[in-house]
Amino acid sequence: MKKIAILGIITTFTLSCSSQQNITTPVEPTAYLKTITEKELKTHLYIVASDEMEGRETGSAGQKKAGNYLIDEYKKNNIGFPKAATDYYQKIPAAFLNAQYNENLPDSENIWAYIEGSEKPNEVLVISAHYDHVGAKNGEIYNGADDDGSGTVALLEIAQAFQKAKKDGHGPKRSIMFLHVTGEEHGLHGSRYYSENPLFPIANTIANINIDMIGRRDKDHADSNNYVYVIGANRLSTDLDNICAAANTKYTNLNLDYKFNDPKDPNHFYERSDHYNFAKFGIPSVFLFNGVHADYHQPTDSPDKIEYDALTKRAQYAFAIAWELANRENRPVADKK
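This is a predicted model, so every value here is computed, not measured. (Residues numbered from 1 in each chain as written. Predicted model: local features only at pLDDT ≥ 70, side-chain atom pairs only at ≥ 80, totals over all residues. Heavy atoms only, no water.)

Draft legend 1. Layout of the overall build of the protein. Assigned secondary structure in the protein consists of 10 helices and 12 strands. Taking 20 Å as the expected radius of gyration for a compact globule of 337 residues, we find that the protein reaches 19 Å, a close match to that expectation. Taking all 337 residues of the protein together, 60% fall into the buried category. Side chains of the protein give 36 positive and 45 negative charges; the mean places of these two sets differ by 3 Å. (Helix = DSSP H or I, 4+ residues; strand = E, 2+ residues; numbered from the N terminus. Rg over C-alpha atoms; globule rule 2.2 N^0.38 Å. Buried < 20%, exposed > 50% of the residue type's maximum accessible area, 1.4 Å probe, protein only. Lys, Arg positive; Asp, Glu negative; His and termini not counted. Charge placed at Lys NZ, Arg CZ, Asp CG, Glu CD.)

Draft legend 2. Structural detail: the sheet that holds strand β8 (residues 174–181). Taking strand neighbours across the sheet as the criterion, the eight strands line up as β3-β4-β8-β5-β9-β12-β10-β11 in an open arrangement whose pairing is mixed. At either margin of the open sheet sits one strand with a lone partner, and together these are β3 (89–92) and β11 (255–257). Across the sheet, the mean angle separating the axes of adjacent strands is 25° when strand polarity is ignored. Note: β3 against strand β4 (residues 108–115), four bridges, orientation antiparallel. By the bridge assignment, Gln-90 is partnered in β4 with Asn-110. Contacting β4, β5 (120–130), β8 and β9 (205–211), helix α5 (residues 145–167) runs over the sheet at an angle of about 150° to β5. (Pairing = 2+ DSSP bridges. Axes fitted to C-alpha atoms, helices over the stretch in contact; angles between N-to-C directions. Contact = heavy atoms within 4.5 Å.)

Draft legend 3. Molecular detail of the confidence of the model for the protein. In the predicted model, the protein carries a mean pLDDT of 93, and the fraction of residues at 70 or more is 93%. Contacts for the low-pLDDT stretch residues 5–25, under 50 throughout, to residues beyond four places or in other chains number 35 contacts. (pLDDT = per-residue confidence, 0-100.)

In structure tokens:
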């Protein structure tokens with residue numbers, strides 16, 4: 001997450017019977033939700049947040065190595081890049097990354113993977129997480145396991161779950177883009193670049209689910225990790241807010257904490273992660289977050305400190321929200337300014 005000082009669920013699929021009449025049968029996503037496992041999340045995170053990735057500083061060799069790992073995993077699961085693209089990369093020039101703060105950042109890349117919708121392919125749900133962190137300082141590697149290795153590996157597992165559903169004939173009705181953005185730690189640059197240079201018309205983006213830090217707990221939840229902060233769901237869309245609440249009630253039963261959703265909250269978390277660059281364009285957006293802990297932006301944010309049961313349940317929750325958004329009859333209405 002960028003550090004600043006201030007500022008029911010039902011999907012249907014159609015079978016053809018002997019009389020050639022169409023029968024609609026409900027598809028229950030629980031089996032796919034359960035493919036998101038502690039074991040696989042842990043395996044991915046110990047690689048993405050390893051010393052080998054050198055803290056994943058924006059545009060660095062370590063970040064590019066992490067990006068190669070993500071792409072290899074998408075290839076293993078037969079998840080391609082969008083047809084409108086030439087590969088898995090959205091290249092971002094250094095001039096854009098340095099235009100605001102002139103931090104001498106090199107060229108970098110967003111990474112996108114894509115599952116095309118079966119009925120409404122031109123409507124796109126974007127699920128995002130930033131895969132950069134802050135690199136190394138004074139000889140110490142800042143691994144960024146929670147920030148945002150946790151969101152990064154959650155995207156891999158969510159994508160795999162949707163691809164398994166597609167293989168079984170239950171692919172999403174709308175298209176889903178899994179967007180790993182760069183440059184978040186330096187000012188939300190990667191998501192800003194995508195929102196200003198979208199692969200699809202921005203009006204075709206129905207919603208954004210942004211996952212940034214979901215592997216730990218904060219001091220306000222010392223007694224239980226069965227929670228997640230939900231930020232922004234109701235800022236633009238009553239529909240999205242209701243979908244997030246209903247998905248949790250049916251599938252995950254987390255304690256949804258709305259503390260940081262208060263516009264008067266002094267932390268301004270709503271403005272501090274990548275969903276904000278979608279919300280600026282009026283796209284219903286929700287940010288899932290575990291809160292700040294003692295290892296935030298420290299070299300001690302390592303994969304051994306992740307609570308993998310919490311990471312799993314929160315990733316499953318994100319999947320449940322995405323399932324509804326991708327498959328419901330109507331896209332969520334942005335009914336608020």
